Each structure stands twice: as C-alpha cells, then as structure tokens.
Amino acid sequence: GESVGLHLPTLSVQEGDNSIINCAYSNSASDYFIWYKQESGKGPQFIIDIRSNMDKRQGQRVTVLLNKTVKHLSLQIAATQPGDSAVYFCAEKNAGGGADGLTFGKGTHLIIQP
Amino acid sequence: EPEVTQTPSHQVTQMGQEVILRCVPISNHLYFYWYRQILGQKVEFLVSFYNNEISEKSEIFDDQFSVERPDGSNFTLKIRSTKLEDSAMYFCASTPRDLNGSPLHFGNGTRLTVT
C-alpha cells in the first residue's frame with residue numbers, strides 16, 4: 001500500500017555540521033509535505049512545509065527539498081546545534097482537500113555530538 | 001505564541017474502563033484532530049473534526065472511540081472500554097484552515113497507560 005518512510009532511523013552529526021534527513025514517499029497523489037520535530041515528552045513541532053508545485057523551500061537554518069520524480073523529500077539543517085537533537089518526521093497529505101489526516105513516517109533520530 | 005493544551009499529561013486506567021482525554025485547541029482554529037503514537041511507532045491519524053462533526057476517521061477510530069466539542073473551547077476524545085493496545089501517546093492538533101492551507105499545531109500529548 002501507499003506509505004511514507006524514512007531511510008535511516010538514527011543520524012549522528014557533529015555540532016556545527018550540516019545534517020540531511022531523508023524521506024521517501026510512494027503516494028504520487030500527495031501534494032503537501034511537512035517536516036516535524038519531536039523532542040522527548042513533547043508533541044510534534046512544525047518545522048517547514050512544501051507543496052508539490054515547489055521543489056525547494058528555505059526557512060531559518062532549514063531547507064526542504066522535494067524531488068517528485070523519485071518521490072523523495074529531504075530536510076537539511078545547517079550548522080546544527082545541541083537543541084536540534086530530536087526525532088524528525090516527514091508527513092504527507094494526499095491531494096483531495098478537506099480535513100483529512102496526514103500520513104507520518106516513522107521518524108529519524110538526529111543526535112548532535114558535541 | 002498560542003498553544004494547543006492537553007490534559008492530563010498522563011492517564012493510567014484499568015482495562016475496560018472509560019477514559020476522556022481533553023484538549024483545548026488554539027482559539028481561532030477551526031479544524032481539530034486526534035492522533036496517537038504507540039511507543040516507538042509512527043504518529044497515526046485517528047479523526048478530524050470540523051463544524052461540530054467528524055470530517056474523516058481512520059480504521060483505528062472504531063465504535064469504542066468518540067469525539068466531542070462540548071463547549072467553545074474544549075475538544076475531547078473518549079474511549080469507552082479501554083484495551084491494553086490503546087496504551088499510547090494521544091496528540092490533539094488544530095489548524096485555522098484545512099490541511100491544504102496550514103500545518104497542524106500539536107499539543108504535548110496525553111500518555112495513556114492501560115493496565
């Protein structure tokens with residue numbers, strides 16, 4: 001069936017380095033994608049989103065890239081800080097409008113090494 | 001910054017008991033959601049709610065589950081007869097518009113433990 005998944009369950013990077021978290025999706029009908037960050041004991045926190053009519057979007061220290069040809073989504077975090085340590089989820093929404101739910105990937109645990 | 005708030009933060013209940021999880025969405029939001037996350041697994045969609053009725057629900061949201069907006073601020077999830085497999089984090093979320101317009105804003109969740 002259709003699914004959203006992450007390539008790596010754990011990613012460890014040195015503080016100050018850039019990190020890239022990847023996500024594969026298989027539903028070609030998805031038209032909206034979101035990255036969430038989840039710290040221990042907290043709910044998912046919105047980081048950045050992108051619509052299917054775009055291939056890149058930048059925020060503060062974060063960039064999301066969307067490659068619809070290979071159904072791939074990535075989150076780049078520049079100059080990582082200790083506070084970036086968390087689990088990162090990608091989520092997709094199928095085209096169709098309305099208030100239907102997002103489909104989440106399993107998550108990548110980003111660990112920032114001092 | 002406005003937040004989605006959830007109470008209680010942790011609920012322990014015995015199998016077969018009813019539980020009500022409470023949420024106060026962000027005040028000007030119109031769409032409300034419940035998601036759950038079993039330990040170590042994905043965040044899963046349960047139900048969406050708009051204009052005082054359910055918009056969509058997943059296969060997980062069976063007859064044991066119900067949602068209600070009893071007043072202008074609270075949004076509740078009731079599980080009538082809890083099962084061990086209902087143990088999970090339950091997240092409430094809200095958006096000012098539907099998901100084509102804005103991302104979900106989540107609360108910090110209620111950890112439900114069914115013994």
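Everything numeric in this text was worked out from a predicted model, so none of it was measured.

What counts, and at which threshold
Residues numbered from 1 in each chain as written. Chains lettered and ligands numbered in written order. Predicted model: local features only at pLDDT ≥ 70, side-chain atom pairs only at ≥ 80, totals over all residues. Heavy atoms only, no water. Helix = DSSP H or I, 4+ residues; strand = E, 2+ residues; numbered from the N terminus. Buried < 20%, exposed > 50% of the residue type's maximum accessible area, 1.4 Å probe, protein only. Areas by Shrake-Rupley, 256 points an atom, 1.4 Å probe, with all protein chains shown as cover. Lys, Arg positive; Asp, Glu negative; His and termini not counted. Charge placed at Lys NZ, Arg CZ, Asp CG, Glu CD. Pairing = 2+ DSSP bridges. Axes fitted to C-alpha atoms, helices over the stretch in contact; angles between N-to-C directions. Contact = heavy atoms within 4.5 Å. Buried area = accessible area lost by both parts, 1.4 Å probe. Salt bridge = Lys/Arg side-chain N within 4 Å of Asp/Glu carboxyl O. Polar contact = N/O pair within 3.5 Å; in protein donor to acceptor, adjacent residues only side chain to side chain. Nonpolar A, V, L, I, M, F, W, Y, C, P; charged D, E, K, R; others polar. Phe/Tyr/Trp six-rings, centres within 6.5 Å; stacked < 30°, edge-to-face > 60°. Lys NZ or Arg CZ within 6 Å of the ring centre and 35° of its normal. Core = buried A, V, L, I, M, F, W, Y, C linked by side-chain atoms within 4.5 Å.

Chemist: How would you sum up the overall build of chain B? Please name residues and give values.
Modeler: What chain B contains, in helices and strands, is zero helices and 11 strands. Element order for chain B, N to C, with α for helix and β for strand: β-β-β-β-β-β-β-β-β-β-β. Taken over 115 residues, chain B has a buried fraction of 45%. Put simply, chain B shows about 5800 Å² of open surface, and 44% of that area lies on carbon and sulfur atoms. Charge centroids of chain B, computed over 10 positive and 14 negative side chains, lie 2 Å from each other.

Chemist: I'd like a description of the sheet that holds strand E7 (residues 65-68) of chain B, backed by residues and values.
Modeler: Within a sheet, each strand pairs with its neighbour through backbone hydrogen bonds, oriented either parallel or antiparallel. Residues and elements named next belong to chain B. Strand order in this open sheet of four strands is E1-E3-E8-E7, and the pairing throughout is antiparallel. The strands lining the two open edges of the sheet, one partner per strand, are strand E1 (5-7) and E7. Taken pair by pair, the neighbouring strands of this sheet meet at an average axis angle of 20°, ignoring direction. As defined by bridge partners, E1 adjoins strand E3 (residues 19-24) across three bridges and the pair is classed as antiparallel.

Chemist: Describe the interface of chain A and chain B, with residues and values.
Modeler: At the interface, 24 residues of chain A touch 22 residues of chain B. Between chain A and chain B lies a buried interface of about 1800 Å² when both sides are counted; carbon and sulfur atoms form 57% of it. At the boundary of chain A with chain B, the tally comes to zero salt bridges. Our count for the contact surface shared by chain A and chain B stands at four residue pairs in polar contact (both at pLDDT 80 or more). Looking at the side of chain A that touches chain B element by element, the count peaks at five residues for strand E4 (residues 30-38) of chain A. In terms of residue class, the side of chain A that touches chain B is built from 10 nonpolar, seven polar and seven charged.

Chemist: Can you explain the packing of aromatic side chains? Please cite residues and give values.
Modeler: Inspection of every chain in the model, using the stated rule, returns 16 aromatic pairs over all chains. With a centroid separation of 5.2 Å and 45° between ring planes, the pair formed by B:Phe49 and B:Phe75 is classed as tilted. Of this pair, B:Phe49 sits in strand E5 (residues 43-50) while B:Phe75 sits in strand E8 (residues 75-79), and the two are 26 residues apart along the sequence. The class of B:Phe49 is buried, set by a relative accessible area of 5%. Three or more aromatic residues joined by ring pairs form one cluster here, namely A:Tyr36, A:Phe46, A:Phe89, A:Phe104, B:Tyr33, B:Tyr35, B:Phe45, B:Phe91 and B:Phe106. Across the ring face of A:Tyr32, the terminal group of A:Arg51 is positioned such that the distance to the ring centre comes to 4.2 Å.

Chemist: I'd like a description of the nonpolar core, backed by residues and values.
Modeler: Among the nonpolar cores identified, the biggest contains 21 residues, and B:Trp34, B:Leu46, B:Phe61, B:Val67, B:Phe75, B:Leu77 and B:Tyr90 are the most heavily contacted of them. At the level of elements, E3, strand E4 (31-37), E5, E7, E8, strand E9 (88-95) and strand E11 (110-114) of chain B are the ones that each hand at least two residues to this core. Aside from chain neighbours lying at most four places away, what touches B:Phe75 is B:Leu21, B:Arg22, B:Cys23, B:Pro25, B:Phe32, B:Tyr33, B:Trp34, B:Phe49, B:Val67, B:Glu68 and B:Cys92. If you look at the next biggest cluster of nonpolar residues, it comprises 20 residues, including A:Leu11, A:Ile48, A:Leu73 and A:Ala86.

Chemist: Hey, could you go over the environment of B:Pro96 for me, with residue numbers and the actual values?
Modeler: Residue and element names in this part refer to chain B. Along the chain, Pro 96 turns up in the loop between E9 and strand E10 (105-106). Residue class for Pro 96 comes out partly exposed when judged on its relative accessible area of 22%. Along the backbone, Pro 96 and Glu 1 are 95 residues apart, and their C-alpha atoms lie at a distance of 14 Å.

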